Amino acid sequence: RSLKFGGSATTKFVVSDDPAVKEGFGTPSLNLKFSGNLRKDYEDGKNVDYVFGTNAGGSDLTLRIQDAYLSYSILPSNDVTKPYLYVYVGQQKKIFGLEATASEEYKPTINGAQFTKALSLDERDIGLVLSGDLFPHNDYGFSKYRVPAIAYSIGVVNGSGPNKADDNDNKDVFARVAFNAPVDYNDFLRGLTLGVSGYWGVKTATATRTSTTTVNVPNATPPPATISVTTNTTDTTLSQKGDKNRYGGDLSYVNTPVGFTLEYVRGEDPSLSKEKIKNGTITTPSTFRSVKSEGITFTLFYNFGEQFQKSYKEQTRYGDWYPQTIQPFLRFDRFDPDLDAEDDRKDIYTIGFNWFFAPTTKLQLNYNIVSGQIPKAQKNNEFLAQFQYGF
Amino acid sequence: RSLKFGGSATTKFVVSDDPAVKEGFGTPSLNLKFSGNLRKDYEDGKNVDYVFGTNAGGSDLTLRIQDAYLSYSILPSNDVTKPYLYVYVGQQKKIFGLEATASEEYKPTINGAQFTKALSLDERDIGLVLSGDLFPHNDYGFSKYRVPAIAYSIGVVNGSGPNKADDNDNKDVFARVAFNAPVDYNDFLRGLTLGVSGYWGVKTATATRTSTTTVNVPNATPPPATISVTTNTTDTTLSQKGDKNRYGGDLSYVNTPVGFTLEYVRGEDPSLSKEKIKNGTITTPSTFRSVKSEGITFTLFYNFGEQFQKSYKEQTRYGDWYPQTIQPFLRFDRFDPDLDAEDDRKDIYTIGFNWFFAPTTKLQLNYNIVSGQIPKAQKNNEFLAQFQYGF
Amino acid sequence: RSLKFGGSATTKFVVSDDPAVKEGFGTPSLNLKFSGNLRKDYEDGKNVDYVFGTNAGGSDLTLRIQDAYLSYSILPSNDVTKPYLYVYVGQQKKIFGLEATASEEYKPTINGAQFTKALSLDERDIGLVLSGDLFPHNDYGFSKYRVPAIAYSIGVVNGSGPNKADDNDNKDVFARVAFNAPVDYNDFLRGLTLGVSGYWGVKTATATRTSTTTVNVPNATPPPATISVTTNTTDTTLSQKGDKNRYGGDLSYVNTPVGFTLEYVRGEDPSLSKEKIKNGTITTPSTFRSVKSEGITFTLFYNFGEQFQKSYKEQTRYGDWYPQTIQPFLRFDRFDPDLDAEDDRKDIYTIGFNWFFAPTTKLQLNYNIVSGQIPKAQKNNEFLAQFQYGF
């Protein structure tokens, strides 16, 4: 049984209008991925497989577990004309929309859409996911081309992120259904997909309660005649559960030479404000509310050259023919973290350029123009350049 | 020279009566192991080999070094009729008893015996270990079956755990002797082993000394007429060395279809209590004592199916024949952390079930019933399910 | 395309006169290195390659990214008679002198020269490096022997160390030129190299400003009649940029049976002292100055045996012939961290012995005699033994 090894790494350069972001080379990123087979079913392809991977992340850039899951093919996996169904158990990606689910090497921009990070949709989580499809269409002219009319995923996860045990007794649930155009490879509609996604969970909002005790003592050098001296300060944590829901819709057309992706996401998260107590009296009470947020992203891209984005990883890796692709693109990315608050909507316009100069290697140039309702001091344009390579 | 790569990973699900333990999927674990040869002796097999491995651990689940050692075969290693003797230098397992020494993939239960963790016996340490055997018995009917009548290990280690320099100038010493039934493979007594282990070390017990200085000042808003204000608090660390000793005996019978393991361990550790000083006067003095602890574990298991636990890793990995084994078991695990204290003995009864459904993959189900002298609030039964797979 | 995997690990034993350093086995070290090709140019060898590696470091010994860079051969790399030129982008070694640039497995001593660590020359950094050579001399009797008369490197890096974004908007620049004796392999002068290096950068010196506010209150139990009670302490950080420059010269003769290396380095670093403010008045003002430092290292070694240090990694790894080399050496290593301060120059004399007993494995013994102007309590001799092995 063979063990497959792969991964991707990046090297970045940043120039920003923001004085807090220093112009310079960015920290490297590294994802390693191992996969293999544990039980092979030669008749039906009902295999048991595993994937595990590590990435270098966190503020200290240490290596941690990224993926660690088992998969089992519930339905036969070796007949391309029949539907597939897999179950995945362990730490893995959540399936929600396009932006959050795309793996690192397929994201067109250097930074992901704002909502994926703000709504924790791109984080790994621990749980069980069922993914399958229905009504596959096969183009026998392109022997490997198979597109299911419907693809679906449903999952149950802790909801507390990667490498953490659950922080409450509730499980979070997500589901996604995508409708693909069931057409031949050369059809104009190939690559057209409409998807809807939902995520229903529970989050514990926390806030700090600060209790301060003071005494007044006479001041030896007045004025003032007395002075307040703090004798004790205690911080306790308040917490209250609330709904953590996300709803999204996406439409994408990934074809050549022109394609686009459009995605809309709405989020709900519980929020609790700080409480202050002075000498036993609540001076600032804590309040609870549900924060509604909204994100939308549209990307338009143009490909030219001998190689297409979607298939570059499957190409034979041993030849000496290196097709190149040039991919200019435009993106609009809006996120409003709190629909009830003014002045917090952030719009990012990106003018970008990807140059695939080797089968698994690209140079990415992004110029981000920041706009929206946010204060002018936060409207800092930036230029990013990145080499990304897979191995 | 080839480099061998392997490892094991787990995916877990936890349900507990304990309100502090949230029902959910557990964090993944991952061990990676690399091994290879540095110097090959074709004549006598006096090879120099190395092993290094990493695991994801700690509270932040980062990857750290687990094993890192060189080995040298002092005696010839290619004549199965002669005794073997190896020396190991570096970070490695300590050899003490059965439970603490068994590698992750051979432990029948999801959680190890209480004493292995409480007495730090399952931790890696850094040092030098000699392991050998005497009077090997060979069953020529089973060409690879070799059982030595006596197996022994003796080691000297820092005693401060993995990835740490020594915390004192003393070295810790351990030794183990095991007597195996020197019989043929098909003999009823095959798999019977009696072992004794000892560990003699020094540990530095530490405690905090808190010195507080206060002044009395008049209160501007009496009563009381004066109030004490703390002007200075200093924490210093007290330390005192003491013996860290462990003694153990074990009896095991690993055969088919029925087997058992029995292990008894006694521990001694130094302990120091906190000291408090107020305005120069000791209000709570620090005291030193040696804490005696005791653990006992008994596991009874039954195997059926086409594959046996002990040999599943050596099976050929390329075939398409997947034997399965079902292994129900019962375990009793008692640990008393302080024989001089009442109400601290904890008994765990485990009803368990292991299903090996692929050569290196098992599903483990454990139901733990917690009993003993501990307070009722700590008697929280739990159900654990875990996939464990090697690669 | 193949992925190459290698690395090195160590296992150490320490005995020191310093009571703070405990006698015992040291923590293991581990470097892993992966390298491969992304784009192959069969005609001119203008390949795109990558290297990434991890090491276990930091106070918690977790695995972090060490190297992560892309390389491109700007000039043809398959004609040994022509000059070479490579560009490297990403996290990598800085090229400065001999001691700091040598990779872990070629350093003769267990501890590096004092100045490499004190002046941060051995740290990885993130940036872009051009390395090339001129006037190559080829000895056709030894088909692979190629020595360029001039080798040069020039680099631009963040200057803030590995796995960190830049901490200022300035880039640091370094350059090195080395002159090699362009002679045949069997020439007496083979291995003679004269090099000069420079590093010009900017560092932000920081210091703490501590502001304390006190009030005097009457003491209820005089004397004294009043007592000062601190009501507020605030720490802020002062910072000031200054030049971080290093200049170095080196002369080396790496031949058999006798060789030596000599290196001199001078450093300049900005320094800021702490400031104290009490009730609004500066009681201790902060001062800024440029600290000049100086290091010199001389190593004399003697090789005998069938294998030479420089080439042991290239030897075929599959044979059963294990040449051994014995390498006794003497080293003098002086570092003065502040030329304007008295009593801080530290001299280390090392008597060492390296035994290469397998192609990639050596046992190192170092006895360090500490001398110089430092206080007697810091003159702690130490003995180090280390196994180092590559794989």
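Residues numbered from 1 in each chain as written. Chains lettered and ligands numbered in written order. Predicted model: local features only at pLDDT ≥ 70, side-chain atom pairs only at ≥ 80, totals over all residues. Heavy atoms only, no water.

Counting its regular elements, chain A contains one helix and 20 strands. Counting only contacts in chain A whose residues sit at least 6 apart along the sequence, the fraction spanning at least 24 positions is 60%. With an accessible surface of roughly 17800 Å², chain A has 57% of that area assigned to carbon and sulfur atoms. (Helix = DSSP H or I, 4+ residues; strand = E, 2+ residues; numbered from the N terminus. Contact = heavy atoms within 4.5 Å. Areas by Shrake-Rupley, 256 points an atom, 1.4 Å probe, with all protein chains shown as cover.)

Residues and elements named next belong to chain B. Along the polypeptide, Arg-146 turns up in strand β8 (residues 146-157). Judged by its relative accessible area of 18%, Arg-146 is buried. Looking at Arg-146, its side chain comes within polar contact range of the main-chain oxygen of Val-80, at 2.8 Å. Of note is the side chain of Arg-146, whose polar atom sits 2.8 Å from the backbone oxygen of Lys-82. Leaving out residues up to four positions away in the same chain, Arg-146 has contacts with Val-80, Lys-82, Pro-83, Tyr-84, Asp-133, Pro-136, His-137 and Asn-138. (Buried < 20%, exposed > 50% of the residue type's maximum accessible area, 1.4 Å probe, protein only. Polar contact = N/O pair within 3.5 Å; in protein donor to acceptor, adjacent residues only side chain to side chain.)

Take the environment of B:Lys292 next. One can find B:Lys292 in strand β15 (residues 288-302). Excluding its chain neighbours within four sequence positions, the residues that come into contact with B:Lys292 are B:Arg266, B:Gly267, B:Glu268, B:Asp336, B:Pro337, B:Asp338 and B:Leu339.

A few words now on the relation of the copies chain C and chain B. Once chain C has been moved 0.1 Å along the axis and rotated by 120 degrees, it coincides with chain B to within an RMSD of 0.1 Å. Taken together, the rotation and translation relating the two chain copies correspond to the operation of a three-fold axis. Residue C:Leu63 of chain C places its C-alpha closer to the rotation axis than any other residue of that unit, at 3.2 Å. Interface overlap between copies is the fraction of interface residues in one copy that are interface residues in the other; for chain C against chain B it is only 13%, indicating separate surfaces. (Least-squares fit on C-alpha atoms with pLDDT ≥ 70 in both.)

Before going further, it helps to spend a moment on the relation of the copies chain A and chain B. Placing chain A over chain B gives an RMSD of 0.1 Å and needs a rotation angle of 120 degrees, together with 0.1 Å of translation along the axis. When you check the interface residues of chain A against chain B, a mere 12% turn up at the interface there too, and the two sides of the contact use different surfaces.

Counting residues at the interface gives 42 residues for chain A and 39 residues for chain B. Interface of chain A and chain B: buried area, both sides summed, is about 3400 Å²; carbon and sulfur atoms make up 68% of it. At the boundary of chain A and chain B, one finds five residue pairs in polar contact (both at pLDDT 80 or more). For the side of chain A that touches chain B, the secondary structure elements donating two or more residues are β3 (29-39), β4 (48-57), β5 (62-73), β6 (85-93), β7 (124-138), β10 (192-218) and β11 (226-253) of chain A. Per-element accounting of the side of chain A that touches chain B gives the leading share, seven residues, to β5(A). Tallied by class, the residues present in the side of chain A that touches chain B amount to 22 nonpolar, eleven polar and nine charged. (Buried area = accessible area lost by both parts, 1.4 Å probe. Nonpolar A, V, L, I, M, F, W, Y, C, P; charged D, E, K, R; others polar.)

Core analysis: the biggest nonpolar cluster contains 54 residues, and A:Phe52, A:Phe391, B:Phe52, B:Phe391, C:Phe52 and C:Phe391 have the highest contact counts within it. The residues contacting C:Phe52, other than those within four sequence positions of it, are A:Phe5, A:Leu30, A:Leu32, A:Phe391, C:Leu32, C:Lys33, C:Phe34, C:Asp67 and C:Ala68. (Core = buried A, V, L, I, M, F, W, Y, C linked by side-chain atoms within 4.5 Å.)

Here the focus is the pattern of salt bridges. Taken as a whole and assessed by the stated rule, the structure comprises 45 salt bridges over all chains. The salt bridge partner of B:Asp79 is B:Lys82, with a shortest N-O separation of 3.6 Å. For B:Asp79, a relative accessible area of 24% translates into the label partly exposed. Salt bridges linked by common partners bring A:Lys203, A:Arg246 and A:Asp269 together as one network. (Salt bridge = Lys/Arg side-chain N within 4 Å of Asp/Glu carboxyl O.)

Further remarks concern the pairing of strand β7 (residues 124-138) of chain B. All names here are of chain B. With nine bridges joining them, strand β6 (residues 85-93) and β7 adopt antiparallel strand pairing. By the bridge assignment for β7, Val-89 is matched with Leu-128. Looking at chain direction, β7 and β8 are connected through eleven bridges and run antiparallel. Looking at the pairing, Leu-130 lines up with Ile-154 of β8. (Pairing = 2+ DSSP bridges.)

A separate point is the confidence of the model for chain A. Residue and element names in this part refer to chain A. Averaged over every residue, the pLDDT of chain A is 88; the share at 70 or more is 93%. For chain A, per-element mean pLDDT is lowest for strand β16 (residues 304-305), which scores 78, and highest for strand β9 (residues 172-180), which scores 96. Contacts for the low-pLDDT stretch residues 308-320, under 50 throughout, to residues beyond four places or in other chains number 26 contacts. (pLDDT = per-residue confidence, 0-100.)

Quick look at the interface of chain C and chain B now. Each side of the interface is counted separately: chain C has 39 residues, and chain B has 42 residues. Both faces considered, chain C and chain B share a buried interface measuring about 3400 Å² in area, 68% of it formed by carbon and sulfur atoms. Mapped onto the side of chain C that touches chain B, the elements with two or more residues apiece are β1 (3-16), β2 (24-25), β3 (29-39), β5 (62-73), β10 (192-218), β11 (226-253), β18 (346-358) and β20 (382-390) of chain C. Across the side of chain C that touches chain B, the residue classes break down as 22 nonpolar, twelve polar and five charged.

Attention now goes to unusual backbone geometry. Along the chain, B:Thr256 connects to B:Pro257 via a cis peptide bond; the corresponding omega equals 5 degrees. By the element assignment, B:Pro257 lies in the loop between β11 (226-253) and β12 (258-272). Residue A:Ser120 is not a glycine yet carries a positive backbone phi of 55 degrees. Looking at the element boundaries, A:Ser120 is found in the loop between α1 (114-118) and β7. Located in the positive-phi region is B:Asp343, a residue other than glycine, with phi close to 65 degrees. Looking at where B:Asp343 falls in the secondary structure, it is placed in the loop between β17 (325-336) and β18 (346-358).

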